[in-house]
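Now for the letters of each chain:
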Amino acid sequence: MRLFVSYLDGREQRPYVRPMALREILVVPDPTLKKVSARVDVVDDAVRALMDDMLETMYAAPGIGLAAIQVGVAKRVIVMDLARAEEPPAPQHFVNPEILWASEETAPYEEGCLSVPEIYDEVERPSQVKIRYQTYHGETVEEDAEGLYAVCIQHEMDHLDGVLFIDHLSRLKREQAVKKVKKQAKAA
Ligand code: NI
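Residues numbered from 1 in each chain as written. Predicted model: local features only at pLDDT ≥ 70, side-chain atom pairs only at ≥ 80, totals over all residues. Heavy atoms only, no water.

### Section: unusual backbone geometry
Logical step 1: Backbone torsion omega between Val28 and Pro29 reads 5°, so that peptide bond is classified as cis.
Logical step 2: Among the secondary structure elements, Pro29 is positioned in the segment before α1 (45-60).
Logical step 3: In this model, Ala61 is joined to Pro62 through a cis peptide bond whose omega is -5°.
Logical step 4: With respect to the element layout, Pro62 can be found in the loop between α1 and β1 (65-67).
Logical step 5: One non-glycine residue, Glu118, lies in the positive phi region at around 70°.
Logical step 6: Note on placement: Glu118 falls in strand β5 (residues 116-126). (Helix = DSSP H or I, 4+ residues; strand = E, 2+ residues; numbered from the N terminus.)

What follows is the structure, encoded as structure tokens:
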């Protein structure tokens, strides 16, 4: 079933017209998060449905980026929305993203992750990257990313290779983070 956009008159325009489903977000130390995700052959309706669900799940969390493996799907698929609260939604979809170039210059950023709830720490990454990916409609595009865009896409692309932002921290910090998340899970 599809809804017409006019159905949404008087409401903030939503980027999708398909009913979506919230997926469960895996948290550390779930071993699935360590899996390397497989490339997507074709961006078809099933992949688009996955991205729709991922965005809905990300908005509900709330977060600004989510990789498919975080909802247990080992495919190289990412969604992001870097719009500020006062801005209209700006969903982005990335299928099979690759980094073509990364600057030598790096910058620190205080990162967090929906799979490592309530933990934030500084990670140093290249401050600019050139990326190539396929869009929601399967077109291949290349883009330059800097600032939060560069941070977020690199964080999400790490997930596709089973790497979490806490893997960039010292072993002690990483173990403390996992311990804290386990403790939260028990208390919930
Ligand atoms: Ni993350």
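Now that the structure has been shown, we can carry on.
### A look at the nonpolar core
Logical step 1: Counting 17 residues, the largest nonpolar core has Met51, Met54 and Val77 as the members making the most contacts within it.
Logical step 2: Secondary structure elements with two or more residues in this core: α1 and β2 (77-81).
Logical step 3: Per element, the largest residue contribution to this core is six residues, and it comes from α1.
Logical step 4: Other than its neighbours up to four places away in sequence, Met51 contacts Val43, Val77, Val79, His93, Val95 and Tyr136.
Logical step 5: Counting residues in each nonpolar core, the second largest holds 15 residues, with Ile78, Ile131, Ala150 and Leu160 among its members. (Core = buried A, V, L, I, M, F, W, Y, C linked by side-chain atoms within 4.5 Å. Buried < 20%, exposed > 50% of the residue type's maximum accessible area, 1.4 Å probe, protein only. Contact = heavy atoms within 4.5 Å.)

### A look at helix α2 (residues 147-160)
Logical step 1: Taking 1.5 Å as the rise per residue, α2 with 14 residues should run 20 Å; its terminal C-alpha atoms sit 21 Å apart, in good agreement.
Logical step 2: Burial within α2 is extensive, with 12 of its 14 residues counted as buried.
Logical step 3: Every buried residue of α2 is accounted for by Tyr149, Ala150, Val151, Cys152, Ile153, Gln154, His155, Glu156, Met157, Asp158, His159 and Leu160.
Logical step 4: Two residues or fewer past α2, Gly162 is found with a positive phi of approximately 75°. (Expected span 1.5 Å × (residues − 1).)

### Notes on the coordination of the nickel ion
Logical step 1: For the nickel ion, every protein donor is listed as Cys113 (SG), His155 (NE2) and His159 (NE2), and the spread of their distances is 2.1 to 2.2 Å.
Logical step 2: Along the chain, the residues donating to the nickel ion are arranged with the sequence spacing C-x41-H-x3-H. Residue Cys113 is located in strand β4 (residues 106-113), and its partner His155 is located in helix α2; the two are separated by 42 residues in the primary sequence.
Logical step 3: With a relative accessible area of 9%, Cys113 lands in the buried category. (Donors = N, O, S within 2.8 Å, 3.2 Å for Na, K, Ca; no water.)

### Thoughts on the confidence of the model for the protein
Logical step 1: When pLDDT is averaged across the protein, the result is 91; 90% of the residues are at 70 or more.
Logical step 2: Note on residues 1-11: pLDDT is under 50 here. Beyond four places in sequence and across chains, it has seven contacts. (pLDDT = per-residue confidence, 0-100.)

### A few points about the pattern of salt bridges
Logical step 1: Applying the stated criterion across every chain yields a total of 13 salt bridges.
Logical step 2: Its salt-bridge partner being Lys34, residue Asp167 comes within 3.1 Å of it at the nearest N-O pair. Of this pair, Asp167 sits in the loop between α2 and α3 (171-187) while Lys34 sits in the segment before α1, and the two are 133 residues apart along the sequence.
Logical step 3: We classify Asp167 as partly exposed; its relative accessible area is 26%. (Salt bridge = Lys/Arg side-chain N within 4 Å of Asp/Glu carboxyl O.)

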